[in-house]
Amino acid sequence: MVVTVDGPGGAGKSTVSRALADRLGFAFLDTGALYRAVALAASWDQVEAVDPEAVAAWLPGVDIKAQPGPHSFQVLLQGRDVEPFIRNEHISQLASQLSSQPAVRTKLLELQRSAGRAGDLVAEGRDMGTVVFPDAEAKFFLTASQGERARRRWLELSQAGQQVEFDEVLADLEKRDQRDEERAISPLRPAADAEIVDTSHLSFGQVVEHLYQQVTRVRQGL
Ligand code: DC
């Protein structure tokens, strides 16, 4: 069974999806990490992220894999776990630019689908329910107000020891929202059959519980 969780940045998708997968005993795939790993490779190789031809010519040489682990898929770039290097604002902006390139989306599409064939999965991203897993049995679209999402992202960065201004985080989020929503290919939008969950006034536990109950209902054929 595949469960999809889509939504804008800072809506709590990652934390919620990971906890949901744990509770269901499903594997977890963070597809944003795949786009971030491509961004890291682009920054290593100094590729012009906004140039579609340069990106398309460079991509075939990028060795990226999603390797099944005990709980979640691990993203490997040239065989290395790059998780510690992909969670910063520079990579966020670069990943957002690269994710609007058709060549990048095509390269990552099959990687994501093969994770779905490996067994029960919670897949989190922007186009899980619309493009990657259109036949998923349970689909959610998590959202929250822009201010609340910026506040959560700022808190997360601050707790990770990164000194950032709230206004800067909010401005970056606005830019990324706009790019995610307006890109021609796989724009961020809920699938027609997704349940939209506004998490602005819900605790993390409440959101996980709600999703768990919904998935359980689907599994029971209710
Ligand atoms: O969820 P995130 O912030 O880690 O995602 C990083 C970037 O990748 C974000 O700008 C949107 C993009 N992305 C995407 O276009 N499609 C996905 N399925 C996942 C992420």
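This write-up is about the structure you can find in this document. Remember, it's a predicted structure, so these values are computed and weren't measured experimentally.

**Some details on the packing of aromatic side chains**
Then, number 1: Enumeration according to the criterion identifies zero aromatic pairs in this entry.
Then, number 2: One cation-aromatic arrangement involves R23 over Y212; the distance from NZ or CZ to the ring centre is 3.9 Å.

**Points about empty space enclosed by the protein**
Then, number 1: Per the stated rule, a full pass over the model turns up one cavity of 30 Å³ or more.
Then, number 2: Here the largest cavity is characterised by a volume of approximately 40 Å³.
Then, number 3: Forming the boundary of the largest cavity are E89, R153, V169, D172, L173 and R176.
Then, number 4: Per-element tally for the lining of the largest cavity: the top contributor is helix 8 (residues 166–182), with four residues.
Then, number 5: A class-by-class count of the residues in the lining of the largest cavity yields two nonpolar, no polar and four charged.

**Topic: the site of the ligand**
Then, number 1: Neighbouring the ligand are 15 residues; T31, R36, R105, R126 and D127 lie closest to it.
Then, number 2: Between a nitrogen atom of the ligand and a side-chain N or O atom of T31, the distance comes to 3.0 Å.
Then, number 3: Between an oxygen atom of the ligand and a side-chain N or O atom of R126, the distance comes to 2.8 Å.
Then, number 4: Compared with its free state, where it exposes 450 Å², the ligand has 97% of that area covered by protein.
Then, number 5: With four residues, the single largest contributor to the shell around the ligand is helix 2 (residues 31–45).
Then, number 6: Looking at the shell around the ligand residue by residue, the classes come out as three nonpolar, five polar and seven charged.

**Looking at the layout of surface pockets**
Then, number 1: Volume-wise, the largest pocket comes out at about 1,000 Å³.
Then, number 2: Considering the residues around the largest pocket, the lining is formed by 47 residues, among which G10, S14, R87, R153 and E156 are closest to the centre.
Then, number 3: The leading source of residues in the lining of the largest pocket is helix 7 (residues 146–159), at eight residues.
Then, number 4: Considered class by class, the residues forming the lining of the largest pocket number 12 nonpolar, 16 polar and 19 charged.
Then, number 5: Of the pockets and cavities examined, the second largest pocket occupies roughly 150 Å³.
Then, number 6: Lining the second largest pocket are R18, F28, D30, A33, S72, F73, Q74, V75, D81, E83, I86 and R87.
Then, number 7: If you list the elements that add at least two residues to the lining of the second largest pocket, you get strand 2 (27–30) and strand 4 (73–77).
Then, number 8: With three residues, the top contributor of residues to the lining of the second largest pocket is strand 4.
Then, number 9: A breakdown of the residues in the lining of the second largest pocket according to their chemical character gives five nonpolar, two polar and five charged.

Cut-offs applied
- Residues numbered from 1 in each chain as written.
- Predicted model: local features only at pLDDT ≥ 70, side-chain atom pairs only at ≥ 80, totals over all residues.
- Heavy atoms only, no water.
- Phe/Tyr/Trp six-rings, centres within 6.5 Å; stacked < 30°, edge-to-face > 60°.
- Lys NZ or Arg CZ within 6 Å of the ring centre and 35° of its normal.
- 1 Å grid on protein atoms, 1.4 Å probe; cavity = no way out; pocket = protein on both sides within 12 Å on 5 of 7 lines; lining within 4 Å.
- Points joined across faces, edges and corners; volume = space filled by probe spheres on them.
- Helix = DSSP H or I, 4+ residues; strand = E, 2+ residues; numbered from the N terminus.
- Nonpolar A, V, L, I, M, F, W, Y, C, P; charged D, E, K, R; others polar.
- Near = heavy atom within 4 Å.
- Polar contact = N/O pair within 3.5 Å; in protein donor to acceptor, adjacent residues only side chain to side chain.
- Areas by Shrake-Rupley, 256 points an atom, 1.4 Å probe, with all protein chains shown as cover.

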